[in-house]
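What the coordinates show
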Number of protein chains: 2
Amino acid sequence: MSVARVSRTSYHHGNLEEALITSAIKLIRKHGPDNLSLRAVASELGVSPSAAYHYFPDKDSLIHGVGDHLFAELTQMMEKSLEKFPGKNIKATKSRFREIGRAYFTWASKEPNLFRLLFGGFCSMDRGKSHKEDSSFKILEKTLDELVECGAMPKKLRPYGEVLAWTSVQGAVTLILEGHLPKSSFEDLLDGLELALGVR
Amino acid sequence: MSVARVSRTSYHHGNLEEALITSAIKLIRKHGPDNLSLRAVASELGVSPSAAYHYFPDKDSLIHGVGDHLFAELTQMMEKSLEKFPGKNIKATKSRFREIGRAYFTWASKEPNLFRLLFGGFCSMDRGKSHKEDSSFKILEKTLDELVECGAMPKKLRPYGEVLAWTSVQGAVTLILEGHLPKSSFEDLLDGLELALGVR
DNA sequence: CCATAATCTGAACATTATTCAGATCACTAA
DNA sequence: TTAGTGATCTGAATAATGTTCAGATTATGG
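Cut-off values and rules
- Residues numbered from 1 in each chain as written.
- Chains lettered and ligands numbered in written order.
- Predicted model: local features only at pLDDT ≥ 70, side-chain atom pairs only at ≥ 80, totals over all residues.
- Heavy atoms only, no water.
- 1 Å grid on protein atoms, 1.4 Å probe; cavity = no way out; pocket = protein on both sides within 12 Å on 5 of 7 lines; lining within 4 Å.
- Points joined across faces, edges and corners; volume = space filled by probe spheres on them.
- Helix = DSSP H or I, 4+ residues; strand = E, 2+ residues; numbered from the N terminus.
- Nonpolar A, V, L, I, M, F, W, Y, C, P; charged D, E, K, R; others polar.
- Domains from an automatic or database assignment.
- Buried area = accessible area lost by both parts, 1.4 Å probe.
- Salt bridge = Lys/Arg side-chain N within 4 Å of Asp/Glu carboxyl O.
- Polar contact = N/O pair within 3.5 Å; in protein donor to acceptor, adjacent residues only side chain to side chain.
- Core = buried A, V, L, I, M, F, W, Y, C linked by side-chain atoms within 4.5 Å.
- Buried < 20%, exposed > 50% of the residue type's maximum accessible area, 1.4 Å probe, protein only.
- Contact = heavy atoms within 4.5 Å.
- Axes fitted to C-alpha atoms, helices over the stretch in contact; angles between N-to-C directions.
- Parallel < 35°, antiparallel > 145°, perpendicular 65-115°, else oblique.
- Left-handed = near helix turned anticlockwise from the far one by under 90°.
- Patch = residues over 30% accessible without salt bridge, like charges linked within 9 Å, V, L, I, M, F, W, Y side chains within 5 Å.
- Areas by Shrake-Rupley, 256 points an atom, 1.4 Å probe, with all protein chains shown as cover.
- Lys, Arg positive; Asp, Glu negative; His and termini not counted.
- Charge placed at Lys NZ, Arg CZ, Asp CG, Glu CD.
- Least-squares fit on C-alpha atoms with pLDDT ≥ 70 in both.
- Phe/Tyr/Trp six-rings, centres within 6.5 Å; stacked < 30°, edge-to-face > 60°.

Left-over empty space is what a probe sized like a water molecule reveals as it rolls over the atoms. What the largest pocket holds in volume is close to 620 Å³. For the largest pocket, the lining is made up of 33 residues, of which His180 of chain A together with Phe71, Asp134, Ser136 and Trp166 of chain B are closest to its centre. Mapped by element, the contributors of at least two residues to the lining of the largest pocket are α3 (59-82), α4 (90-110), α6 (135-149), α7 (161-177) and α8 (185-196) of chain B. The element that contributes the greatest number of residues to the lining of the largest pocket is α3 of chain B, accounting for 7 residues. For the lining of the largest pocket, a count of residues per class yields 17 nonpolar, 11 polar and 5 charged.

Structure representation (C-alpha cells):
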C-alpha cells in the first residue's frame, strides 16, 4: 500500500506522538486494525518509519495508544449525547436510557473498523482495574438509578440493569457489524430490553 | 516466528486443503488471528508456502475457511451440550436455556483467539443470508419455545427472547474476554436474563 | 555561544504475502 | 505396460513490512 509523502518545514515535527495516533486512526478507519502499517503512518506525516520508535516501543504500543484515545472519545461522545434529553421526568429519563445505547450503536456503525480495534482483541484492558472505574459504565449506572428514582423501573430489576443493558448492546453492535443480525434488530433489542427491565 | 518443518512421505500431501485449515486453527489459537502467517502454516505441514495458493486464492480466503469450520464446530458443540439435559419438564428446559449460554461462554474462554477470529472482523458473514437460517440461532429459538410451552416463561416476553438472550451473551463474552468485565459477571448476567425474561 | 540531550534519518535485516515458471506425481487411455 | 495429461507442489523472485542502530540534525539550558 503506497501513501503520498507529506512535506514538512522543520526537521523536528513538533507533536509527533499525537500526530502518529491521529494518523493511525485515519488509516485504521480506512483499512481495518489488522492492516495498519507503521510505515504508512510515518509516510502520511512525512516522517521516517523509525521516527515512531522514539514514542512507541513497537506497533502494538501505538495501537494501544490509539485504543486509549478512542475509548476516551467514545465516553465523551456518550456523555454529550445525554445532554439532548435533560430533566428528571420519566419521558426524559427513558429517552436518556435509549440514547446511551443508540449513541453507542451509531458510533460503531459509522466507524466499524475503530470499533473492531477496541473490542477485537487488539487492545485488551489492564487486569486489576475494575470496570466500576470505567466512565462509560458510570454513565449507565447513573441513568439506571435515575430510572428507578422517577419510578420508570422496578427496584427488583435494578441490580441486573447494568450488566444486562451493557452486554446486550455490546453484543447487538458486534453481531450487526459482522453481519449476523440485520441493522433493524437494534431497535427491537432496545424495545425488548425496556420491556424485560420493566421500563415503562 | 520460526516453526519446525514436518517431514512428509509423498510429494502429494493427500488432503492439503483440510490440513491447511486445521494447522491454521492451531496457530491462530496460539498467536491470535492477526498474527497468522501463511508460511508458518505451510511449514508446519512440511509444504512450500506457495502450495496453499492451489486451494485458497489468498490468506484472507484461508481465514474465511477457518471461520466456516469454526462456526460449524461451535454450533455442533452447542447442540451436543443440550443433550445433557433431556426432557420436557421445567427444570430440564431451564437448564438447557442456561446451558446454551454457558457452553458458548466456556468455548470462548478456552479459545479466546478463535472467538476473536469469528467476531473480530476477520470473517464477516455474507449479506443477504438471514440469521434465521443460522443453526445456532435455531437452537436458541427452539429452546425459548420450549420454555413457553412448559410454562416457564410468559408469552408476552417471548418475541424479544432470541435477540435479548443472544446479544447479551455475545456481549458478555466479548467484554469479559477483553477485560472489561470480570469472569464472575457471566453468571450474574444469566441470572438477570432469566429474571428479566420472566423465566421461573 | 557551546555542550548536551532530544529528535529524526538512512540503511540495513529478517519476515511476510504473493506470483509464476517449472518439477513431480497420479491416473487414464491405448 | 507405457505415454501423456492434468493436478499438485517446489524454488526463486518481488515488493512490502516491523524493527534496529549508528549517525545526522535541531532544540535547549548554562
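Past the structure itself, the notes keep going.
We now examine the domain arrangement of chain A. All names here are of chain A. Split into domains, chain A comes out as domain 1 (1-56) and domain 2 (60-196). Computed over C-alpha atoms only, the centres of domain 1 and domain 2 are separated by 31 Å. Contact with domain 2 buries surface across domain 1, with Ile25, Pro33 and Phe56 losing the most and accounting together for 43% of the total. In this structure, the connection of domain 1 to domain 2 is made through 1 salt bridge. In this structure, the salt-bridge partner of Arg29 is Glu111, at a minimum N-O distance of 3.1 Å. Counting the contacts that link domain 1 with domain 2 gives 2 residue pairs in polar contact (both at pLDDT 80 or more). By residue number, the principal contributor to the side of domain 1 that touches domain 2 is helix α1 (residues 16-31), which donates 8 residues. For the side of domain 1 that touches domain 2, the class distribution of residues is 9 nonpolar, 2 polar and 3 charged.

A separate point is the nonpolar core. With 130 residues, the main nonpolar core has Val66 and Phe186 of chain A together with Val66 and Phe186 of chain B as its most contacted residues. Beyond its immediate sequence surroundings of up to four residues, Phe186 of chain A is in contact with Gly101, Arg102, Phe105, Val169, Ala172, Val173 and Ile176 of chain A.

A separate point is the interface of chain B and chain A. On the side of chain A, 41 residues touch chain B, which itself brings 40 residues to the contact. Approximately 3600 Å² of surface area, both sides summed, lies buried where chain B meets chain A, with 71% of it carried by carbon and sulfur atoms. When the area that chain B buries against chain A is broken down by residue, the three leading residues are Tyr160, Glu178 and His180 of chain B, summing to 16%. Where chain B touches chain A, the interface holds 0 salt bridges.

All names here are of chain B. Between α3 and helix α5 (residues 112-119), whose axes approach to 10 Å, the crossing angle comes to 110°. It follows that α3 is roughly perpendicular to α5 by the angle criterion. In this structure, α3 meets α5 at a crossing whose hand is left-handed. Here α3 contributes Ile63, Val66, Gly67, Leu70, Phe71 and Leu74 to the contact with α5, which in turn contributes Leu114, Leu117, Leu118 and Phe119.

On the surface, a cluster of negative charge is contributed by Asp34, Asp58 and Asp60 of chain A together with Asp34, Asp58 and Asp60 of chain B. Secondary-structure assignment places Asp34 of chain A in the loop between α1 and α2 (38-44).

Take the packing of helix α4 (residues 90-110) of chain A against helix α8 (residues 185-196) of chain A next. All names here are of chain A. Where α4 contacts α8, the axes come no closer than 11 Å and their chain directions differ by 145°. Note on packing geometry: the crossing formed by α4 with α8 is right-handed. In this structure, α4 contributes Lys94, Phe97, Arg98, Gly101, Arg102 and Phe105 to the contact, and α8 contributes Phe186, Glu187, Leu190, Asp191, Leu193 and Glu194. Across the contact of α4 with α8, the residue classes tally to 5 nonpolar, 1 polar and 6 charged.

As a further point, take the relation of the copies chain B and chain A. Taken as rigid bodies, chain B and chain A are interconverted by a rotation of 180° and an axial shift of 0.0 Å, the fit giving an RMSD of 0.0 Å. Read as a symmetry element, the transformation amounts to a two-fold axis. The residues that chain B uses at the interface reappear at the interface of chain A in 100% of cases, marking a shared surface.

Here we come to the environment of Val41 of chain A. Residues and elements named next belong to chain A. Looking at the element boundaries, Val41 is found in helix α2. Residue Val41 is classed as buried on the basis of its relative accessible area of 0%. With residues up to four places along the chain from it excluded, the contact list for Val41 reads Leu20, Ser23, Ala24, Leu27 and Leu36.

The subject of this paragraph is the side chain of Thr75 of chain B. Residue and element names in this part refer to chain B. With respect to the helices, strands and loops of the structure, Thr75 is situated in helix α3. With a relative accessible area of 13%, Thr75 lands in the buried category. Ignoring sequence-local partners within four residues, the contact set of Thr75 consists of Ser135, Ser136 and Ile139.

Centre-to-centre distance and the angle between the planes together describe a pair of aromatic rings. Under the definition given, this model contains 11 aromatic pairs over all chains. Taken together, a centroid distance of 6.1 Å and an interplanar angle of 85° make the contact between Tyr104 of chain B and Phe115 of chain B edge-to-face. Linking Tyr104 of chain B in helix α4 with Phe115 of chain B in helix α5, this pair joins segments that are 11 residues apart in sequence. Exposure remark for Tyr104 of chain B: the relative accessible area of 7% places this residue in the buried category. Each ring, one from Phe105 of chain B and one from Phe186 of chain B, has its centre 4.2 Å from the other, and the planes form 10°; the classification is stacked. Taken together, the positions of Phe105 of chain B in helix α4 and Phe186 of chain B in helix α8 put the pair 81 residues apart, joining distant regions of the chain. Here the two residues Phe105 of chain B and Phe186 of chain B agree in accessibility, since each one is buried. Connected via pairs of aromatic rings, a cluster forms that spans Phe71, Tyr104, Phe115 and Phe119 of chain A.

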